Every structure is written in structure tokens, then in C-alpha cells.
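Residues per chain are reported as follows:
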Amino acid sequence: MAKVEADAAFDGYYAIVTDREDLTSSDETRMYRDQWGIEESFRTLKSDLEARPERVWSAPLSLGHFTLCYLDLCVIRYLQYLMAKEGGEVMSTEWMMKAIDEPAATIIGEHDNAVLGASVTNDYLAIARLLGRPPIEKTMYVPHFKALTRLNPKDDIK
């Protein structure tokens, strides 16, 4: 009973236990509070970027799969950092992936006289601007599109 009463004195308090004697209590508290970012990154890797379940069966492919997932996470976090630095609204991972996935293009005509009709969202344009990419216009001739993106729509876009 004495143990219960002694423990009751600490009800409502959190204890952070560490063996690092070089940290101050404020350092320990800051590290604990920053832990949510690491946990959110693991959640993003597993759910949005589909790091698990792994759909490859050899060690080299597995390493490649996780490397690509990690690079995707790095790009997403960098874009979120740039958005926060600009003082604008920071897109969630899901929102950002949808904005990147949605654009579509239709080519009307043949050769260099062909017109490319692009369907792009404002979110996609905001991401392109943050990355220093020139904006894709709603309608443009194919040579202009090639000059902006360095892509040949007839060969590189499927």
C-alpha cells in the first residue's frame, strides 16, 4: 500500500529516463517532443509510400525498394521545408502526392505543330515553382513543352 501511495505523488507527471549524463533536462524534453516527427516519417513510409508490405523477393531489389522510398520521403520533407520557409500552407504527404499524380496532357496534331493541352492543378504549379521549374501552361505547342521540360511527349510520356 505504501508503494501505491508513493507512486500516486507522481500521478499526472511524465518521467524521461536516460543514461546520457551530458544532456540537460531541457535537452531531454526537446528530444522527446521532437520524437513525433520521426514517428510521422515512419508512418508516411509505411502507408503513403508503401514501404511495407514489400513486394520484392531478392536482397538487391529490397535494398532498391527501401532506397527509393527513403529518397521519396526526403523529397517530400524538403518540399514541406520550402513551403514552411515561404510562410505558406504546408501540404500533407497525401495532398502532395495527389498533386504530383493528377496532371495529364493531351497532344492534338502531328509533329512540331502539335498542341499539347495540359491539365495541371494549382498545387502542382506551386510544387513546380518551389523546385524552380518553369510553369506548364494549359495549352502550348510541343516544341515549347520540350524546351520547358526536356521531355519529348511522344516518346517520354506514356
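Residues numbered from 1 in each chain as written. Predicted model: local features only at pLDDT ≥ 70, side-chain atom pairs only at ≥ 80, totals over all residues. Heavy atoms only, no water.

A few words on the environment of Gln35. When you line up the elements, Gln35 lands in helix 2 (residues 25-46). Here the side chain of Gln35 touches Glu39 through a polar contact of 3.0 Å, side chain to side chain. (Helix = DSSP H or I, 4+ residues; strand = E, 2+ residues; numbered from the N terminus. Polar contact = N/O pair within 3.5 Å; in protein donor to acceptor, adjacent residues only side chain to side chain.)

Glancing now at helix 6 (residues 142-149). Counting along an α-helix, one turn takes 3.6 residues, and residues three or four places apart therefore face a common direction. Among all positions in helix 6, only Val142, Phe145, Leu148 and Thr149 are buried. Summarising the axial view, the buried residues of helix 6 lie within an arc of 120°, below the 170-degree limit, and thus occupy one face. Two residues or fewer past helix 6, Arg150 is found with a positive phi of approximately 65°. (Buried < 20%, exposed > 50% of the residue type's maximum accessible area, 1.4 Å probe, protein only. Arc of directions from axis to C-beta.)

Here strand 2 (residues 115-119) shows a clear split, with Leu116 and Ala118 buried on one side and none of Val115, Gly117 and Ser119 buried on the other. Two strands pair when backbone bridges link them, and strand 1 (residues 104-108) and strand 2 are joined in this way by five bridges, in the antiparallel orientation. Following the sheet pairing, Ala104 is matched in strand 2 by Ser119. (Pairing = 2+ DSSP bridges.)

Attention shifts here to the sheet that holds strand 2. The strand order across the open sheet built from three strands is 1-2-3, with neighbouring strands paired in antiparallel fashion. This sheet does not close on itself; its edge strands, each paired only once, are strand 1 and strand 3 (139-141). If you compare each strand with its neighbour and ignore which way they point, the axes differ by 25° on average. Across the sheet, helix 6 is in contact with strand 1, strand 2 and strand 3; its angle to strand 3 comes to roughly 95°. (Axes fitted to C-alpha atoms, helices over the stretch in contact; angles between N-to-C directions. Contact = heavy atoms within 4.5 Å.)

Position of Glu28 relative to the elements: it lies in helix 2. Buried charge without a partner: Glu28 forms no salt bridge, and the closest opposite charge is Arg20, 8.0 Å away. Residues within four places of Glu28 in sequence aside, it is in contact with Ile16, Thr18, Arg20 and Leu23. (Lys, Arg positive; Asp, Glu negative; His and termini not counted. Salt bridge = Lys/Arg side-chain N within 4 Å of Asp/Glu carboxyl O.)

With that settled, consider the state of the cysteines. Summed over the entire model, instances satisfying the criterion amount to zero disulfides. The closest cysteine sulfur to the non-disulfide-bonded Cys69 is located on Cys74, 11 Å from its own sulfur. Cys74 gets classed as partly exposed once you look at its relative accessible area, which sits at 33%. (Disulfide = S-S within 2.5 Å.)

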